Amino acid sequence: MSRIDQSNTFTLGNRTVKRLGYGAMQLAGPGVFGPPKDRDAALAVLREAVASGVNHIDTSDFYGPHVTNQLIREALVPYPDDLVIVTKIGARRGADGAWLPAFSSTDLTQAVHDNLRNLGLDALDVVNLRIMFDTHGPAEGSIEAPLTALAELQRQGLVRHIGLSNVTATQVAQGRGICEIVCVQNHYNLAHRADDAMIDDLAGAGIAYVPFFPLGGFNPLQSNILSDVAASLGVTPMQTALAWLLRRAPNILLIPGTSSVSHLRENLAAAKINLPADAMTALNSIASS
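The structure contained in this document is the topic of the report that follows.

Section: the nonpolar core
One finds Y22, L46, I72, V112 and L150 to be the most contacted residues of the largest nonpolar core, which totals 83 residues. Counting residues per element, this core draws most heavily on helix 8 (residues 237-248), which supplies 7 residues. With sequence-adjacent residues up to four places away left out, L46 is seen in contact with Y22, L27, I57, L71, I72, A75 and L76. Of all hydrophobic cores here, the second largest spans 12 residues; its members include F10, V86, V126 and V182.

Topic: the packing of helix 2 (residues 67-76) against helix 3 (residues 105-119)
The N-to-C vectors of helix 2 and helix 3 enclose an angle of 35°; their axes lie 8 Å apart at closest approach. Here N69, Q70, I72 and R73 of helix 2 come into contact with helix 3, specifically with N115, R117, N118 and L119.

Digging into the side chain of Q171
Here Q171 shows up in helix 5 (residues 169-178). In contact with Q171, not counting residues within four places along its chain, are I131, F133, A139, E140, G141, I143, L164 and N166.

Digging into the sheet that holds strand 3 (residues 22-23)
Paired through their backbone hydrogen bonds, the strands of a sheet run either parallel or antiparallel. If you walk across this open sheet you meet the 7 strands as 3-4-5-8-9-10-11, and the pairing is parallel. One side of each edge strand has no neighbouring strand; the edge strands of this open sheet are strand 3 and strand 11 (208-212). Of the pairings in the sheet, the one linking strand 10 (residues 181-187) to strand 11 comprises 5 bridges and is parallel in character. By the bridge assignment, N186 is partnered in strand 11 with P211. Contacts between helix 6 (residues 196-205) and the sheet are confined to strand 10 and strand 11, with strand 11 contributing the most and set at about 150° to the helix.

Details of the environment of P30
Here P30 lies in the loop between strand 3 and helix 1 (39-51). Expressed as a C-alpha distance, the spacing of P30 and G97, which sit 67 residues apart in the sequence, is 9.8 Å.

Some details on the packing of helix 1 against helix 2
For any two helices packed against each other, the geometry comes down to the angle between their axes and how far apart the axes lie. At their nearest, the axes of helix 1 and helix 2 sit 9 Å apart, and the two run at 65° to each other. Note on packing geometry: the crossing formed by helix 1 with helix 2 is right-handed. For the pair helix 1 and helix 2, contact is made by R39, A42, L43, L46, R47 and V50 and by L71, I72, E74, A75 and L76, respectively. Partitioning the contact of helix 1 with helix 2 into residue classes produces 8 nonpolar, no polar and 3 charged.

Some remarks on unusual backbone geometry
Here the residue pair G64 and P65 is connected by a cis peptide bond, since its omega of -5° sits within 30 degrees of zero. Cis peptide bonds are those with omega within 30 degrees of zero, and the linkage from V77 to P78 qualifies with 0°. Among the secondary structure elements, P78 is positioned in the loop between helix 2 and strand 5 (84-89). Phi is positive for N8, which is not a glycine, with a value near 70°. Notably, V32 is not glycine yet its phi reads approximately 60°, a positive angle.

Comments concerning the packing of aromatic side chains
What the rule picks out here adds up to 7 aromatic pairs. Residues F62 and W99 carry aromatic rings whose centres are separated by 5.7 Å and whose planes lie at 90° to one another, so their mutual orientation is edge-to-face. Here F62, found in the loop between strand 4 (56-58) and helix 2, pairs with W99, found in strand 7 (residues 99-101); they are 37 residues apart in sequence, far enough to count as distant. Given the relative accessible area of 8%, F62 is considered buried.

Description of the layout of surface pockets
It is the rolling of a water-molecule-sized probe over the atoms that shows where space remains empty. Taken as a whole, the largest pocket spans an internal volume of roughly 820 Å³. The wall of the largest pocket is formed by 38 residues, among which M25, Y63, R130, F212 and F213 lie closest to the centre. Put simply, the parts of the chain that give the lining of the largest pocket at least two residues each are strand 10, strand 11 and helix 8. Residue composition of the lining of the largest pocket, by class: 21 nonpolar, 13 polar and 4 charged. For the second largest pocket, the calculated volume is near 220 Å³.

Details of the pairing of strand 9 (residues 159-165)
Of all 7 residues making up strand 9, 6 are buried, and the element is well covered by its neighbours. Sheet topology note: the strand 8 (residues 124-130)/strand 9 ladder contains 6 bridges and is parallel. Across the sheet, L124 pairs through a bridge with V159, a residue of strand 9. Regarding the hand of the β-α-β motif, the stretch spanning strand 8, helix 4 (residues 144-155) and strand 9 is right-handed. Relative to strand 10, strand 9 is paired through 3 bridges, and the arrangement is parallel. Paired with S165 across the two strands is Q185, which belongs to strand 10.

Concerning the pattern of salt bridges
Scanning the model with the defined rule gives 11 salt bridges in all. The residue R265 makes a salt bridge to E48 at a minimum N-O spacing of 3.1 Å. One end of the pair, R265, is in helix 9 (residues 261-268); the other, E48, is in helix 1, and 217 residues separate them in sequence. We classify R265 as partly exposed; its relative accessible area is 40%. In this structure, R193 and D196 form a salt bridge, with 3.2 Å as the shortest nitrogen-oxygen distance.

The rules behind the values
- Residues numbered from 1 in each chain as written.
- Predicted model: local features only at pLDDT ≥ 70, side-chain atom pairs only at ≥ 80, totals over all residues.
- Heavy atoms only, no water.
- Core = buried A, V, L, I, M, F, W, Y, C linked by side-chain atoms within 4.5 Å.
- Buried < 20%, exposed > 50% of the residue type's maximum accessible area, 1.4 Å probe, protein only.
- Helix = DSSP H or I, 4+ residues; strand = E, 2+ residues; numbered from the N terminus.
- Contact = heavy atoms within 4.5 Å.
- Axes fitted to C-alpha atoms, helices over the stretch in contact; angles between N-to-C directions.
- Pairing = 2+ DSSP bridges.
- Left-handed = near helix turned anticlockwise from the far one by under 90°.
- Nonpolar A, V, L, I, M, F, W, Y, C, P; charged D, E, K, R; others polar.
- Phe/Tyr/Trp six-rings, centres within 6.5 Å; stacked < 30°, edge-to-face > 60°.
- 1 Å grid on protein atoms, 1.4 Å probe; cavity = no way out; pocket = protein on both sides within 12 Å on 5 of 7 lines; lining within 4 Å.
- Points joined across faces, edges and corners; volume = space filled by probe spheres on them.
- Right-handed = clockwise from strand over helix to strand, strands pointing away.
- Salt bridge = Lys/Arg side-chain N within 4 Å of Asp/Glu carboxyl O.

Keep in mind that these numbers describe shape and distance, not what the molecule does.
Laid out in structure tokens, this is it:
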């Protein structure tokens, strides 16, 4: 039994993945731009993740750009049969590292081919369409044109399943009317709970929800509550935040990122944390603090 089996599993497309996965974003250089500081260490993290039982890795060819996908290919080919690699498109990087929208059909087609080439795959398991109407968070607007273009690439056999990232509930509903959506990836954590209703709706539909920034956007009071609960359990704040997310809903899939093997092991150990009722009460109070 791997160290993360206690996280249980959920369906992602037509695959079953463990709910505690790994996000490769931090393997690139500062600002998710350029090569890693220590390439061997980055490769070691990827290999340790898979050796520890992780079978869901989140990446994108605009991390670096190209860096994380090339590292994944170098570290993990031949890929394990049960490994699901999820990537995302819809953005590109400027020469200064800026995050820029890349929504046109040509942009999306190029992005899919870049991901295929750098990962060394014939088809991508899951592609998330990152909506870039606002780089700081979800913003309303029609996603019909870019999602239709991505669905065409799916029909061509280059993409097996489609997800959405940085989206509103209205956009999720619009997307589900265009093609099957297997996951939604948004900012969500103990302190940032705007998607509570969306998570529950997606759970009812059997759609995965993949939160990012598990410790992002906390104010000092909220951070103190989390730290106090973590200390009472003898674990780290990050482990506590991850354990709460696993408890929050069965369709939540976690992709905590790190460039350190020791930190990776700490994150994966969150699968074993059993949060008592008083800890859950304190943690649930964070959103209103």
